[in-house]
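Tertiary structure, described
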Amino acid sequence: MDDKQRVRLLSLLKTHFGFDRFLPLQEEIVRHVLTDRDALVLMPTGGGKSLCYQLPALVREGVMLVVSPLIALMKDQVDGLKANGIAAELINSTLSNSRIADIKASLQRGDIKILYLAPERLASEGFMEFLRGININGIAVDEAHCISQWGHDFRPDYLNLKDLRDEFPDAGVIALTATATLRVRKDIIDHLRLKDARIFLSSFDRPNLHYDIRPKDKAFSDLITVLHSPQCKDRSAIIYCFSRKDTETLAEDLCQKGFKTEAYHAGLNTKERHDVQERFIRDETPIITATIAFGMGIDKPDIRLVVHYALPRSVEGYYQETGRAGRDGLPSICMLFYSYADKFKQEYFIDQIADEAERKRARDKLETMIAFCGGNICRRKFLLQYFGEKCEKDNCASCDRCVRPKETFDATVIGREVLESVRSTGSRFGVQYIVDILRGSTNERICRFGHDALPSHGQGRGFDALQLKEIIGSLMEKGFLSRAQGEYPVLELTAEGNNFLNGHAELMLPQLRTAAKLVVDDQAGLSTSHRASLREGEALWDQRLFEELRVLRKQLADSRGVPPFVIFSDVSLREMLVSLPQTDEDFLAVKGVGEQKLKWFGPAFMGVIGSYISRR
Ligand code: ADP
Ligand code: ZN
């Protein structure tokens, strides 16, 4: 490793971004980008992707182009860079022609280090001609999955990026995304024509997120409890609802309880939607009830709570939406309320899909989502495995399953009956059919196959259909049954299931949901470790000072016309509470404080902290 380069990179990291060290993979990626070779970076939200192209831009002559689809975000990003003392600009349709001409002139003079561009710009031959005339040292393609029709957010404009690689053969292209499926990965490499791209794949675990899935029966009171918890009180939260109507009703109910809340949905016009979003970003409205349309194009780092008040349609969607919580790495909660009624609602919508293949895909996705909700394994483990990542730990200590493990019951008898009915029907039938046999149904199909004569016929009458499905789910998790994909999904007895049937072992399965009691305590949703850190936190920092610093941050943000997080992140404010800086040197030591922020904001923050110290 080249030590001189390392020192230089660390010094730029500190002076501009105020960080002492790199997050995982960042340093490797920065070094790779500096060799002008192509790269594909797959990192979850909050992984620190932007620094991977922003830092290299500072090391060299010329400009780094950043293509991003999220016009609404570009300004915040550019403002954030300027607050870090970095010459950045953007060109998109929101600018006047004369402003664009000014920026072009600065580019020609070599005064700009980072330029954000909307993808449609690259369709213009005139603009390409202009770009050919300036010194481009690298090209970053943010949200690169937008180029793939297989991603969740295909943008036709991204096809304009196809020729970039050939147009600027000397500049390395770095593509970044938080979507990790193989198909999307391949599309990005193919469509951007990346050359021998090195792939940087980081873990998709979000350790600061606490996952909590619970039955919907007491959703509203559970929600109020969590909104009152120290972690979420007066902090930003998004609550995803099923319909427009639901967003409005819930927003009203929350306002009545004294929580400032606004609804966001497709029924609002563009201006109204924009305004709601702005008030959220600027910390004026903490809580938004929304349909899924909300969130894309928001990179607010301090969202402390994401709630799914209705069942999401897919695990991908759930992961993406919950991913909006806690980008800054501070503990945040993801809560989902689950009910069978919601499942039926979603199924009803899926049944309306005309295209058969698409309908089947949608149904499979929903099935997986339901398996996730009902499942008994660690939520984190399920998510990581779903995205193809190995997860060694069985207990993450920060999800409802690990914090409040279910009790178990002796399922030896019913378990054997279920497995026996699968075996004796030749592993050729689906869940519903097996349930029908166990419930003693004499429907036409069962009689036609003669399955009403099986010994297990009617042996599950002590359970209702939903409970039997839960038992089947648990047997699948145990590995005794698996789901085989044929034309229709059928249940198959596995070798382990067969061994169990041939043996005399006892079988304990997790207590059934319908029989289980729900425990909600006053710190619902907080894991033991979070509680510990809160207790520790209370001792370390005074909530009152934190609020004062937030007020100051908001004032400074408003006077500059930027969102509060552009001034300082919550992480920086929390560090100030601990170190109570009173000198430039101490202030610079705070995470997220570089030279520029020290100069612009240091005096004001140290002033507030100083008066707090003298009052104490
Ligand atoms: P992504 O684009 O991957 O979602 P961001 O680039 O927005 O992530 O970074 C997420 C958060 O992590 C931001 O608040 C950013 O300031 C912070 N961050 C980035 N790099 C570092 C670092 N080296 N040390 C500490 N915090 C960092
Ligand atoms: Zn867990």
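Not measured: the values here are computed from a predicted model.

Our next topic: the coordination of the zinc ion (ligand 2). At this site the zinc ion (ligand 2) is bound by Cys 378 (SG), Cys 396 (SG), Cys 399 (SG) and Cys 402 (SG), with donor distances of 2.3 to 2.4 Å. In this structure, the zinc ion (ligand 2) is coordinated by 4 donor atoms arranged in tetrahedral fashion, with angles at the metal of 98 to 119°. If you list the donors of the zinc ion (ligand 2) from N- to C-terminus, the spacing comes out as C-x17-C-x2-C-x2-C. Among the residues examined, Cys 399 registers a relative accessible area of 0% and is labelled buried.

Right, let's get into helix α13 (residues 340–351). With 12 residues, α13 ought to run about 16 Å at 1.5 Å a step, and its terminal C-alpha atoms sit 16 Å apart, in line with that. When α13 is considered as a whole, its buried residues turn out to be Asp 342, Lys 343, Gln 346 and Ile 350. For α13, the angular spread of the buried residues around the axis is 100°, confining them to a single face. At its buried positions, α13 is contacted by β13 (332–338) and α14 (356–374).

Moving on: the site of ligand 1. The environment of ligand 1 is made up of 13 residues, and the closest members are Arg 21, Gly 46, Lys 49, Ser 50 and Arg 327. The side chain of Lys 49 places a nitrogen or oxygen atom 2.8 Å from an oxygen atom of ligand 1. Contact with the protein chains removes 79% of the 570 Å² of surface that ligand 1 exposes when unbound. Taken together, the residues of the shell around ligand 1 break down into 4 nonpolar, 6 polar and 3 charged.

Attention now moves to the sheet that holds strand β12 (residues 303–308). Strand order in the open sheet formed by 6 strands is β8-β13-β12-β9-β11-β10, and the pairing between neighbours is parallel. In this open sheet, the two strands that pair with only one neighbour each are β8 (209–215) and β10 (261–264). Taken over all neighbouring pairs, the strand axes of this sheet differ in orientation by 15° on average, direction set aside. Where β8 lies against β13, 7 bridges are found, and the strand directions are parallel. Counted as the bridge partner of Tyr 211 is Cys 334 from β13.

Membership of the largest hydrophobic core comes to 75 residues, with the highest contact counts inside it found for Leu 131, Ile 136, Ile 139 and Tyr 318. No other element matches α14, which puts 6 residues into this core. Of the residues that make up this core, three or more belong to each of domain 1 (3–201) and domain 2 (209–403). For Ile 136, the residues in contact, after removing those within four places along its chain, are Val 63, Leu 65, Leu 131, Phe 168 and Ala 171. The next biggest cluster of nonpolar side chains, apart from the first, holds 33 residues, and it includes Ala 39, Leu 58, Leu 81 and Ala 140.

In spatial order, the strands read β3-β4-β2-β5-β6-β1-β7; together these 7 strands make up an open sheet with parallel pairing. At either end of the open sheet lies a strand with only one pairing partner, and these are β3 (88–91) and β7 (198–201). Each adjacent strand pair in this sheet contributes to an overall mean axis angle of 20°, direction not counted. Where strand β1 (residues 39–42) meets β7, 4 bridges bridge the pair, whose relative direction is parallel.

The pLDDT averaged across the protein chain works out to 89; a share of 94% of its residues lies at or above 70. Every residue in residues 515–540 is under pLDDT 50, and counting partners more than four places away or in other chains gives 41 contacts.

Here we take up the packing of helix α17 (residues 412–424) against helix α20 (residues 465–478). Across the interface, α17 lies against α20 with an axial gap of 11 Å and an inter-helix angle of 80°. Accordingly, the angle class assigned to the pair α17 and α20 is roughly perpendicular. The segment α17 lies against α20, with Ile 414, Gly 415, Val 418 and Leu 419 engaging Leu 468, Ile 471, Ile 472 and Leu 475. Considering only residue class, the contact of α17 with α20 consists of 7 nonpolar, 1 polar and no charged.

Under the criterion given, the structure shown has 45 salt bridges. We note a salt bridge from Lys 75 to Asp 79, for which the minimum N-O separation is 2.8 Å. You can see Lys 75 and its partner Asp 79 sitting in helix α4 (residues 71–83), 4 residues apart, about one turn around the helix. Asp 79 sits in the buried class, given a relative accessible area of 14%. The partner of Lys 216 in a salt bridge is Asp 342, and the shortest N-O contact between them spans 2.9 Å. Within this pair, whereas Lys 216 is found in the loop between β8 and α9 (219–228), its partner Asp 342 is found in helix α13, the two being separated by 126 residues in sequence. In this structure, a network of salt bridges that share partners links the residues Asp 283, Lys 300, Asp 302, Arg 304, Asp 328, Arg 553 and Asp 570.

The next subject is helix α8 (residues 182–191). Along α8, the residues that are buried comprise Val 184, Arg 185, Asp 187 and Ile 188. Down the axis of α8, the smallest arc covering the buried residues is 165°, so these residues share one side. For α8, the exposed residues lying more than 90 degrees away from the buried face are Leu 182 and Lys 186. Contacts from the buried residues of α8 go to β1, β6 (172–177) and β7.

Our next topic: the side chain of Thr 291. You can see Thr 291 is positioned in the loop between β11 (287–290) and β12. The residues contacting Thr 291, other than those within four sequence positions of it, are Tyr 240, Cys 241, Ser 243, Arg 244, Thr 247, Tyr 264, His 265 and Ala 266.

About the thresholds
Residues numbered from 1 in each chain as written. Chains lettered and ligands numbered in written order. Predicted model: local features only at pLDDT ≥ 70, side-chain atom pairs only at ≥ 80, totals over all residues. Heavy atoms only, no water. Donors = N, O, S within 2.8 Å, 3.2 Å for Na, K, Ca; no water. Tetrahedral: all angles 85-135°; square planar, octahedral: opposite > 155°, others 65-115°. Buried < 20%, exposed > 50% of the residue type's maximum accessible area, 1.4 Å probe, protein only. Helix = DSSP H or I, 4+ residues; strand = E, 2+ residues; numbered from the N terminus. Expected span 1.5 Å × (residues − 1). Arc of directions from axis to C-beta. Contact = heavy atoms within 4.5 Å. Near = heavy atom within 4 Å. Polar contact = N/O pair within 3.5 Å; in protein donor to acceptor, adjacent residues only side chain to side chain. Areas by Shrake-Rupley, 256 points an atom, 1.4 Å probe, with all protein chains shown as cover. Nonpolar A, V, L, I, M, F, W, Y, C, P; charged D, E, K, R; others polar. Pairing = 2+ DSSP bridges. Axes fitted to C-alpha atoms, helices over the stretch in contact; angles between N-to-C directions. Core = buried A, V, L, I, M, F, W, Y, C linked by side-chain atoms within 4.5 Å. Domains from an automatic or database assignment. pLDDT = per-residue confidence, 0-100. Parallel < 35°, antiparallel > 145°, perpendicular 65-115°, else oblique. Salt bridge = Lys/Arg side-chain N within 4 Å of Asp/Glu carboxyl O.

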